[in-house]
Amino acid sequence: MSETVLLVGGGGREHAIARAVADDCDLYACASNRNPGIARLAEGVELVDERDAEAIAAYAEEVGATLAVIGPESALEAGVADALEAAGVFTFGPKREAARIETDKSFQRRFMRENGIPGCPEFETFDDPDAACEYLRSYDGDVAVKPAGLTGGKGVKVTGDQVTKDEAVEYVQSSDYDEWVVEERLVGEEFTVQAFVANGDVRVTPAVQDHKRAYEGDEGPNTGGMGSYSDASLELPFMEPEDYHAAVEVLEATVAALDEYTGVLYGQFMLGTDGPRVVEFNARFGDPEAMNTLPVLRTPFVDVLTAARDGESLPDLTFADSATVCKYAVPDGYPTDPEDGARIEVDEDSVGNALLFYASVDEREDGLYTTTSRSFAVVGVEDTIDRAEQVADGALAAAGDGLRVRHDIGKPDLVRRRIDHMRDLRGDD
């Protein structure tokens, strides 16, 4: 029997999911925006708010969905997985309570401490902004200041890096958030490992490094992610195999402590002198990291979904021996003052050997135009990071005016800086 898969979400991450399943199922999608890449792969697309759990469940029943995959964290927080399960549609994505591992950072840190999850930084949680500020001022060292709820990857402020302590206090006092996490600043190199989780099984994917800062050289404000790269091995060039395995052990310990978790568990780690520490967990694929992982996954993703639904062991995952480099094109002014309305000249033909993933675009009769969010991503897949970067960067040659790219992502000098940084931290010759 052919599966009918409902995909929730309309960004670049979801375009990657759609491409991973479309050849092996009848695909339908629902999102608040019309992603032209997803629309070309799907039998039907319904425009609906990703947080409207009842409407999404109704659409799933209308199309006869046998499986569902949830992309965005906002849908998980809204209980879309709960509504789909109640409608009899198996969903690869955690229910609202389990998704708190991402959607409630206070819960996340307390969960780690109470269950002895390795890699937890020193932290305190607050439901009083004044108390958070008092702790922030008195802490001996630099800190990361995080609103407890979802902020689209843009809410964290780090003293000694982005802001001073006085500026961090002002940030807390002037924000509308009530609950806060204040934790020790972690120093090192960040990386992500994403795992498929169901029936107690954990199947891990290659490490990826995202680039949150808006501008080249890791300057500027945080964004939803400007691009990312992965190597042809499980670990990244600045990592040792034992660093990757230590991160996997953290994910396995987390799954063992969670109650019947199903979906993607994303661990973001900071690799320092004492091994990987946990920056955060997400309850879904990363965006852009999904666009690094899924194109090199050789195991059919639909096989993962059906095994999860049928209570079977998840299949062992196989990956192409390929490196990937993903680069996002964003509107001028992003993320602080983005300008929309620029015509997008890039299409599937112009990107050559790169993969094109649409994110947030305005589709008009005469073509595609930018909105105020990330527009599209291109991914190079080659045998080395250097070659993958060249493919991705070449695909952006026709990007046109009104768009900005971090061209440095994946380039040899940036990768070398990461390697040298870790050697300096570890005191290696």
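Here the structure is shown first, and the text comes after it.
Small disclaimer: the values here were computed from a predicted structure and weren't measured. (Residues numbered from 1 in each chain as written. Predicted model: local features only at pLDDT ≥ 70, side-chain atom pairs only at ≥ 80, totals over all residues. Heavy atoms only, no water.)

**Focus on the sheet that holds strand β9 (residues 180–184)**
Ordered in space as β6-β9-β7-β8, the four strands form an open sheet in which the pairing is antiparallel. Two strands in the sheet have a free side with no partner beyond their single neighbour: β6 (123–126) and β8 (157–158). Pairing geometry for strand β7 (residues 143–147) and β9, over five bridges, is antiparallel. For Lys-146, the partnering residue across the bridge sits in β9 and is Val-181. (Pairing = 2+ DSSP bridges. Helix = DSSP H or I, 4+ residues; strand = E, 2+ residues; numbered from the N terminus.)

**Examining the nonpolar core**
One finds Leu-84, Phe-191, Phe-196, Phe-301 and Phe-376 to be the most contacted residues of the largest nonpolar core, which totals 122 residues. One finds Leu-136, Val-163, Val-169 and Trp-180 within the second-largest nonpolar core, a separate group that totals 15 residues. (Core = buried A, V, L, I, M, F, W, Y, C linked by side-chain atoms within 4.5 Å. Buried < 20%, exposed > 50% of the residue type's maximum accessible area, 1.4 Å probe, protein only.)

**A word on the layout of surface pockets**
Its volume calculated, the second largest pocket comes out at about 310 Å³. The wall of the second largest pocket is formed by 16 residues, among which Lys-95, Ala-98, Asp-259, Glu-260 and Tyr-261 lie closest to the centre. Those elements that provide at least two residues to the lining of the second largest pocket are α5 (80–86), β5 (90–92) and α7 (105–114). Here the residues of the lining of the second largest pocket sort into eight nonpolar, three polar and five charged. (1 Å grid on protein atoms, 1.4 Å probe; cavity = no way out; pocket = protein on both sides within 12 Å on 5 of 7 lines; lining within 4 Å. Points joined across faces, edges and corners; volume = space filled by probe spheres on them. Nonpolar A, V, L, I, M, F, W, Y, C, P; charged D, E, K, R; others polar.)

**Concerning the sheet that holds strand β4 (residues 67–70)**
The five strands are arranged β3-β2-β1-β4-β5 in an open sheet whose pairing can be described as parallel. Here the strands that pair on one side only, and so sit at the sheet edges, are β3 (44–47) and β5. Across the sheet, the axes of successive neighbouring strands diverge by a mean angle of 20 degrees, strand direction being ignored. Sitting on the sheet, helix α12 (residues 301–309) is in contact with β1 (3–8), β2 (25–31), β4 and β5, with an inclination near 125 degrees to β5. (Axes fitted to C-alpha atoms, helices over the stretch in contact; angles between N-to-C directions. Contact = heavy atoms within 4.5 Å.)

**Digging into unusual backbone geometry**
Trans is the common state for peptide bonds, and a negative phi is the common state for residues other than glycine. Cis rather than trans, the peptide bond between Tyr-334 and Pro-335 has omega equal to 5 degrees. Along the chain, the position of Pro-335 falls in the loop between β18 (323–331) and β19 (343–344). Not every positive phi belongs to a glycine, and Asn-199 is a case in point at roughly 55 degrees. Tracing the backbone shows Asn-199 in the loop between β10 (189–198) and β11 (201–204). On the basis of relative accessibility, which here comes to 40%, the residue Asn-199 falls in the partly exposed class. We note that Asp-218 has phi near 60 degrees; this positive angle belongs to a residue other than glycine.

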